[in-house]
Structures are given as C-alpha cells and as structure tokens.
Amino acid sequence: MRHQQKFTGESAMALTNEKKREYRAIGHTLKPVVMVSENGLTDGVVEETRRALNDHELIKVRFAVLDREARKMLMDELCEATGALNIQTIGKIALIFKAAKEPNPKLSNLLR
C-alpha cells in the first residue's frame, strides 16, 4: 500500500528505515529513467536528473561505468548535485529520492 504524503521541506536525511524500505519496494518495479555514461556527469545529465526527480520524486539511474570506485563516486556526485538521497544501490543501478515541492499525483512514483 502506498501512502500519500505531503513533504513539508523535511530533510532527506530524516527518512526512517521504514520509509526507505517502502521506497525500495516502490523502486523495485521502476525502470531507469536517466543513464550516466563513461563521460561522467555532464550538465545535461544533472539537469535531466533534476527534472525527473521533480516529476517523479523517486527514480532509478543507470551508471554505465565499469570501475566500481568511479561508479560510486559518480553516484555520490549526482546525489550531491541534485540534492537527492541515495536510497539503494544494486550493481550499476541507484534508486534516488528527492521530495518535490509540489508533487504531481499523475507523475509522482510515490503518489500513484
């Protein structure tokens, strides 16, 4: 069951383990909407990630980077650049979250 929740500027760090578990369950069915290539984080990738987070709040990002350390660094940089929280990482896929200021029930992965 998905709960409708209005975020009132609460910090992403304030997410409880229960909320993270709920987001991982929702993320299980999601497909990656952003892909980061060997070229790293370009302005276009960061902007597209911001747009996707604003629309969907919870998204998957695929990192097509072979080196594990470089991939982890890129994941951290993307989260920092977008103000998102990395909920889960499995292999080359990161599930990231950022609450929208005004969630759209038709687009948000948390409200549908």
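Residues numbered from 1 in each chain as written. Predicted model: local features only at pLDDT ≥ 70, side-chain atom pairs only at ≥ 80, totals over all residues. Heavy atoms only, no water.

### Observations concerning unusual backbone geometry
- Within the chain, Glu57 stands out as a residue other than glycine whose phi angle is a positive 70 degrees.
- Relative to the helices and strands, Glu57 resides in the loop between α2 (43-56) and β2 (58-63). (Helix = DSSP H or I, 4+ residues; strand = E, 2+ residues; numbered from the N terminus.)

### Observations regarding the packing of aromatic side chains
- Within the structure shown, the criterion is met by one aromatic pair.
- Ring geometry for Tyr23 against Phe97: centres 4.8 Å apart, planes inclined by 35 degrees, an arrangement best described as tilted. Of the two residues, Tyr23 sits in helix α1 (residues 17-27) while Phe97 sits in strand β4 (residues 93-97), which places them 74 residues apart along the sequence. Like Tyr23, the residue Phe97 is buried in the burial classification. (Phe/Tyr/Trp six-rings, centres within 6.5 Å; stacked < 30°, edge-to-face > 60°. Buried < 20%, exposed > 50% of the residue type's maximum accessible area, 1.4 Å probe, protein only.)

### Focus on the confidence of the model for the chain
- Of the residues in the chain, 88% reach a pLDDT of 70 or more, and the chain-wide mean stands at 89.
- The model gives residues 1-12 a pLDDT under 50, and that stretch makes 21 contacts with residues more than four places away or in other chains. (pLDDT = per-residue confidence, 0-100. Contact = heavy atoms within 4.5 Å.)

### Points about the environment of Ile26
- Note that Ile26 resides in helix α1.
- On the basis of relative accessible area, Ile26 is assigned to the buried category, the value being 4%.
- Considering only alpha carbons, one finds Ile26 and Leu110, 84 residues apart in sequence, at a separation of 7.5 Å.

### A short note on the pairing of β4
- Judged by how many residues are buried, β4 sits mostly within the fold: five of five residues are covered.
- Side chains Ile93, Leu95 and Phe97 of β4 all project onto a buried face; the interleaved residues Ala94 and Ile96 project onto the opposite face, where all are buried too.
- With five bridges joining them, β2 and β4 adopt antiparallel strand pairing. Note on β4: the bridge partner recorded for Ile59 is Ile96.
- Two strands pair when backbone bridges link them, and strand β3 (residues 85-90) and β4 are joined in this way by five bridges, in the antiparallel orientation. Looking at β4, one finds that Thr89 is bridged to Ala94.
- In this structure, the hairpin formed by β3 and β4 is closed by a connection of two residues, where Gly91 is found at a positive phi of approximately 60 degrees. (Pairing = 2+ DSSP bridges.)

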